[in-house]
Amino acid sequence: MSTRRTRPAPRPPEGTPPRTELARQARAVLADAVRIAHWAAGAPAPAPGSAAPLATQALERAATALELSPAQVRAGWDRARLAGLIELHGDTARPGWRLRAWDRDDSAVLRGWVALFDAWSLVHAAPEGIEAGAVAEAVEAVPQVLSLLQLSAGPVAVPALLDLLAQRIAELQEERCEVPYGAGRPAAESAPATTARPVPAPDRSADLDALLLDWALEGLAAVGALTLGKGHATLTPLGNWAVWVKLEQICVAAQSPAGNIEQSAADMLLGCARLTPGPARAEYRAWLAARTVGSAVAELLAVARGEDALLRGLAFEALRVVGAPAEPEVRAVVTNPSLRPYALLWLAEYEGADPDDAQEILSREEATWLWVDTAAAVADHGETGLLVRHLDSAVQGTVPALLDEVRAVGHPRTVQVLVALAAAHPDPALAKAVRRAAFQVHTGGA
């Protein structure tokens, strides 16, 4: 029994429009992207499936068909990919699940827009001639700028935003023990003589920060997160809501009980094993909020590949909380026999299937393998009564049919599961049949 105190559901800041209105605004921002996604899904020869822009011929066809300029088509194509409206499979563009749900699911629309918001630095190209490190620092510092805009609840002067950006970049450099180029060192020591690099002008850093701030504000405006006035910037309702959501995620992470936020994926999942679904999902969100998406997904899948069946199932529950960013990695493990049933169910639910109906996508063999894996989790971590009741969840209609198929499926824990089931079942005749099946699997008999 958990003693966790539940945190009341937070309310958006006063004046935040309802989700239906926010979704309407997000649809307006992505209107061209949706049109292009529909065109790409139905085009006879879809565009090459790479990170590169549309092929020239496809670009021309789209511009003609949609009555848009080539620049509008190019921008809409990039937005459609970043918002998950288009999925690229080899050389083929296919409609993403969000496109199919676009007109009826406000949550899918808002998630698509947030994905675009998170990718603002890809939507609006950085100024030429700036080192990648400086661009990365600016991207890392922008959340601080957004927080100020959100807390101010109105226009903020650009000089104030510039001061904050510069301060945050300086903090990041200090955390990495970096010294800005040319600061406090003679020119001769700043670079090897062979490079003949000039000493930067004293005001170069301030000019660079101003250039990076202009780029960031323009990029955020391009995705509909803020508006730019003369000398000031203001978050749009969508931008204000998105920043508030991300701040709330940080608060949830800070309130994670039992220190799960600092644990490895395996320890975190074990800590959540006896929580009910709602609190467990809150724990997953807290743990995920403290990590980059890529590292979190990789760690969860590494746990899923292990021998503990309970952690395998819980890892995919946590991946359901991750959602769209985990889709490529989950799709990639479909060929792994031990992960395939979990991955197929995850993908079916991700694509809109009802969880109660998702089991139907599994083959008989896959469903049987999953039954054994779940039984192994129960045998290792659950109560004997749960293992007996687990018989009712098998797709086979009778115990003899289940035993025949369990013996054939080749799960590495088959013998242990059958032995545990035989020991737990109150019916002596059934227990005897299960023990016989366990012996036959162990000895390789029929």
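Since the model is a prediction, treat every value here as computed from it, not as a measurement.

The secondary structure content of the protein amounts to 24 helices and five strands. Scored against the burial criterion, the 446 residues of the protein give a buried share of 42%. Counted over contacts in the protein with a minimum sequence separation of 6, partners at least 24 positions apart contribute 65%. In the structure as shown, the protein presents an accessible area of about 23100 Å², 55% of it carried by carbon and sulfur atoms.

Our next topic: helix α22 (residues 399-409). Buried within α22 are the following residues: Leu 402, Leu 403, Val 406 and Val 409. Across the axial projection of α22, the buried residues extend over an arc of 130 degrees, all falling on one side. Residues of α22 that are exposed and point over 90 degrees away from its buried face: Pro 400 and Ala 408. In this fold, the buried residues of α22 make contact with α20 (364-381), α23 (414-424) and α24 (428-443). Two residues or fewer after α22 comes Gly 410, characterised by a positive phi angle close to 80 degrees.

Bringing the confidence of the model for the protein into the picture now. Confidence along the protein averages 79 in pLDDT terms, with 82% of residues attaining 70 or more. Between residues 1-8, whose pLDDT stays under 50, and residues either more than four places distant or in other chains, the model counts nine contacts. Of the regions scoring below 50 in pLDDT, residues 179-204 engages in twelve contacts with residues more than four places distant in sequence or in other chains.

A few words now on helix α8 (residues 132-152). Every α-helix winds through 3.6 residues per turn, so residues three or four apart in the chain are directed the same way. Here α8 spans 31 Å end to end across 21 residues, near enough to the 30 Å set by a 1.5 Å rise per residue. Most pronounced at Ala 141, the bend in α8 amounts to some 35 degrees, and the proline Pro 143 follows within four residues. Every buried residue of α8 is accounted for by Ala 134, Val 135, Glu 137, Ala 138, Ala 141, Val 142, Val 145, Leu 146, Ser 147, Leu 149 and Gln 150. Just beyond α8, the residue with positive phi is Ala 153, at close to 55 degrees.

Rules used in this analysis
- Residues numbered from 1 in each chain as written.
- Predicted model: local features only at pLDDT ≥ 70, side-chain atom pairs only at ≥ 80, totals over all residues.
- Heavy atoms only, no water.
- Helix = DSSP H or I, 4+ residues; strand = E, 2+ residues; numbered from the N terminus.
- Buried < 20%, exposed > 50% of the residue type's maximum accessible area, 1.4 Å probe, protein only.
- Contact = heavy atoms within 4.5 Å.
- Areas by Shrake-Rupley, 256 points an atom, 1.4 Å probe, with all protein chains shown as cover.
- Arc of directions from axis to C-beta.
- pLDDT = per-residue confidence, 0-100.
- Expected span 1.5 Å × (residues − 1).
- Bend = angle between axes of the 7 residues up to and from the residue.

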